[in-house]
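Given next are the chains, with one letter for each unit.
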Amino acid sequence: MNDPVLLTGAGGRVGGAILDGLGDEYDWTLLYHSQPAEEPDADYFVGDVTDADLMAEACDGVESVVHLAGDPRRDAPWESVLQNNIHGTKVLYDAAIDAGVEKLVYASSNHAVGHFETERKPDLYRTDDDFKLNGTELPRPGNFYGVSKVAGETLGRYYHDEHGVAVCNIRIGNLTKAHPPIDYERGQAMWLSHRDCAHLHQRALEAEYEYEIVYGISDNDRKYYSLERAKEALGYEPKDNSAHFSGEERVEEPES
Ligand SMILES: NC(=O)C1=CN([C@@H]2O[C@H](COP(=O)(O)OP(=O)(O)OC[C@H]3O[C@@H](n4cnc5c(N)ncnc54)[C@H](O)[C@@H]3O)[C@@H](O)[C@H]2O)C=CC1
Ligand SMILES: O=C1O[C@H](COP(=O)(O)O)[C@@H](O)[C@H](O)[C@H]1O
């Protein structure tokens, strides 16, 4: 495959999982926020996603974009998510549309729907609870970071309807390398393994769709996000399940 794809946030955790799994599959252009320690094995840019001139250059000749760059902290302050996540996504969409980009895959988050958990936790993290979100529900963000992710999804809705770009919003769960979070039921319910992350993004780059919101988790027994839409619209076939792991490392459950 030689499809030219721009990957923003290439130096981060999700970017690493995607490049580890799909590094040879696409003709990547990478956007880093600061100079990477090792010289990348692909064309790359260094700078900020809010820099319109840089984004115009980065999108030139690109067919698809995977947009990860942003502030990923659940407690990120409003000023940061407004600038990095909301404004940055708008600047990137403008550049992508001007460059004729056909498809944009956007890293949304479980935090876009975090407040669905408020009255249901911890039961919904357990296998005997049948409650599932499927992506058609209205958002219920649990913090300003989640609000910014909903804004990103909604920007995508606008740019799709106004300009026709295909958009896939992936509400990523908890990406953790090698094994699911330990002693963290919520994290086990929404675990996304590295190989499932790479595969899901490959399906989002290959499948044909108009505008989608899907959940990005592995096929965990504990899940409260439905994978049906990701399977149906993208052909996602997850291989991992947090129930198949037991570990000794401890991951602190964050305060909610
Ligand atoms: N890691 C996870 O489990 C989840 C991640 N996500 C989303 O996936 C995306 C990537 O997250 P991670 O890889 O975990 O975070 P990360 O912090 O490891 O990577 C994000 C990258 O974006 C860069 N960046 C931040 N602001 C930027 C800006 N204004 N311009 C250019 N680059 C900028 C950072 O320098 C960093 O390299 C984020 O949008 C996050 O909201 C969503 C749900 C779960
Ligand atoms: O959106 C995100 O979600 C994951 C999982 O959320 P958490 O509240 O269980 O940690 C988080 O690790 C990641 O940093 C964030 O961007």
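Going by an unreviewed UniProt entry, the protein chain carries the name NAD-dependent glucose-6-phosphate dehydrogenase and comes from Halosegnis rubeus. Here the protein chain is described in UniProt, under the heading Subunit (unreviewed entry), as follows: "Homodimer." If you open the UniProt record of the protein chain and go to Function (unreviewed entry), you find "Catalyzes the NAD-dependent oxidation of glucose 6-phosphate to 6-phosphogluconolactone."

> Please explain the site of ligand 1 as it appears in this structure.
Lining the immediate environment of ligand 1, one finds 23 residues, of which R13, V14, L68, N84 and Y145 sit closest. Within the backbone of V49, a nitrogen or oxygen atom sits 2.9 Å from a nitrogen atom of ligand 1. N84 is positioned such that a nitrogen or oxygen atom in its side chain is 2.8 Å from a nitrogen atom of ligand 1. Protein chains shield 86% of the accessible area of ligand 1, which is 800 Å² for the free molecule. Of all the secondary-structure elements, those providing two or more residues to the shell around ligand 1 are α1 (13–22), β5 (103–109), α4 (144–163) and β7 (174–175). The element contributing the most residues to the shell around ligand 1 is β5, with three residues. Here the residues of the shell around ligand 1 sort into nine nonpolar, 11 polar and three charged.

> Would you mind showing me how to read the pattern of salt bridges here?
When the charged atoms of two side chains lie near each other, side chains of opposite charge can form a pair. For the structure on display, the rule yields 14 salt bridges. With its nearest N and O atoms 2.6 Å apart, the salt bridge here joins D71 to R73. Residue class for R73 comes out partly exposed when judged on its relative accessible area of 42%. For K223, the salt bridge is made with D219, and the minimal N-O distance between the two is 2.8 Å. According to the relative accessible area criterion, K223 is buried, its value standing at 16%. Residue classification places D219 among the partly exposed positions, given a relative accessible area of 26%. One continuous salt-bridge network, built from bridges that share partners, spans E119, R120 and R140.

> Explanation requested: the site of ligand 2 in the structure shown.
R13, P72, R74, S109, N110, H111, Y145, G173, N174, Y184 and R186 make up every residue found near ligand 2. Contacts to ligand 2 include S109, whose side-chain N or O atom sits 2.6 Å from an oxygen atom. Between an oxygen atom of ligand 2 and a side-chain N or O atom of H111, the distance comes to 3.0 Å. The protein chains hide 84% of the 380 Å² of surface that ligand 2 would expose on its own.

> For this particular structure, what's the right way to read the UniProt feature "active site" (unreviewed entry) in the protein chain?
On the UniProt side, "active site" (unreviewed entry) is annotated at positions that read Y145 here. Assignment of secondary structure puts Y145 in helix α4. Each residue touching Y145, except ones within four places of it in the same chain, is listed here: D71, P72, R73, R74, V81, N85, S109 and H111.

> Help me understand the packing of α1 against helix α6 (residues 194–206) in this model?
Each pair of packed helices gets described by two things: the angle between the helix axes and the distance between those axes. The geometry of α1 relative to α6 is characterised by a closest axis approach of 8 Å and an angle of 75° between their N-to-C directions. The pairing of α1 with α6 is recorded here as roughly perpendicular in orientation. On α6, the residues that touch V14, A17, I18, G21 and L22 of α1 are H194, C197, A198, H201 and Q202. For the contact of α1 with α6, the per-class residue count stands at six nonpolar, four polar and no charged.

> Would you mind going over α4 with me for this structure?
Three- or four-residue spacings in an α-helix give side chains the same orientation, since the helix completes a turn every 3.6 residues. Spanning 20 residues, α4 covers 28 Å between terminal C-alpha atoms, matching the ideal 28 Å at 1.5 Å per step. Among the residues of α4, Y145, G146, S148, K149, V150, G152, E153, L155, G156, Y159 and H160 are the ones counted as buried. Check the buried side of α4 and you find it contacts α3 (78–99), β5, β6 (166–172) and β9 (211–216). Positive backbone phi, at 85°, marks G164, one or two positions downstream of α4.

> Please clarify how the nonpolar core should be interpreted in this entry.
Burial of nonpolar side chains together is a common tendency in soluble globular proteins. Ranked by size, the top nonpolar core spans 45 residues in total, and within it I18, W28 and L234 carry the most contacts. The element best represented in this core is α6, accounting for five residues. Beyond its immediate sequence surroundings of up to four residues, I18 is in contact with L7, G23, W28, V66, L68, C197 and H201. Of all hydrophobic cores here, the second largest spans 26 residues; its members include L54, V91, Y159 and I213.

About the criteria used
Residue numbers run consecutively from 1 along every chain, following the written order of its sequence. Written order decides the labels, with chains lettered from A and ligands numbered from 1. Only residues with pLDDT of 70 or above have their local features reported here, since the model is predicted, and side-chain atom pairs are shown and tallied only from 80 upward, although totals for entire chains, interfaces and linings are computed over all residues. Excluding hydrogens and water, the side-chain figures rest on all heavy atoms present in the structure. UniProt positions are given in the numbering used here, feature names are shortened, and annotations may be inferred rather than shown by experiment. To be near a molecule or strand, a residue needs just one of its heavy atoms within 4 Å of it. Two N or O atoms form a polar contact when they lie within 3.5 Å of each other; inside protein one atom must be a possible hydrogen donor and the other a possible acceptor, and for residues adjacent in sequence the pair counts only when both atoms belong to side chains. What sets the accessible areas is the Shrake-Rupley method with a 1.4 Å probe; for residues, cover comes only from the shown protein chains. Only DSSP runs of H or I reaching four residues or more are called helices, and only runs of E reaching two or more are called strands; each is numbered from the N terminus. Asp, Glu, Lys and Arg are counted as charged, while Ala, Val, Leu, Ile, Met, Phe, Trp, Tyr, Cys and Pro are counted as nonpolar; the rest, among them Gly, fall into the polar class. Between Lys or Arg on one side and Asp or Glu on the other, a salt bridge is scored when a side-chain nitrogen of the former is within 4 Å of a carboxyl oxygen of the latter. Type-normalised accessible area, obtained with a 1.4 Å probe on protein chains alone, sets the label of each residue: buried when under 20%, exposed when over 50%, and partly exposed for intermediate values. Contacts between residues were defined by any pair of non-hydrogen atoms, one from each residue, lying within 4.5 Å. Axis lines are fitted to C-alpha atoms, over the contacting stretch for helices. Their N-to-C directions set the angle, which ranges from 0 to 180 degrees. For classification, angles of less than 35 degrees are called roughly parallel, those exceeding 145 degrees roughly antiparallel, those between 65 and 115 degrees roughly perpendicular, and all remaining angles oblique. Helix span, expected: 1.5 Å multiplied by one less than the number of residues in the helix. The definition of a nonpolar core used throughout is a set of buried Ala, Val, Leu, Ile, Met, Phe, Trp, Tyr and Cys residues joined through side-chain atoms within 4.5 Å.

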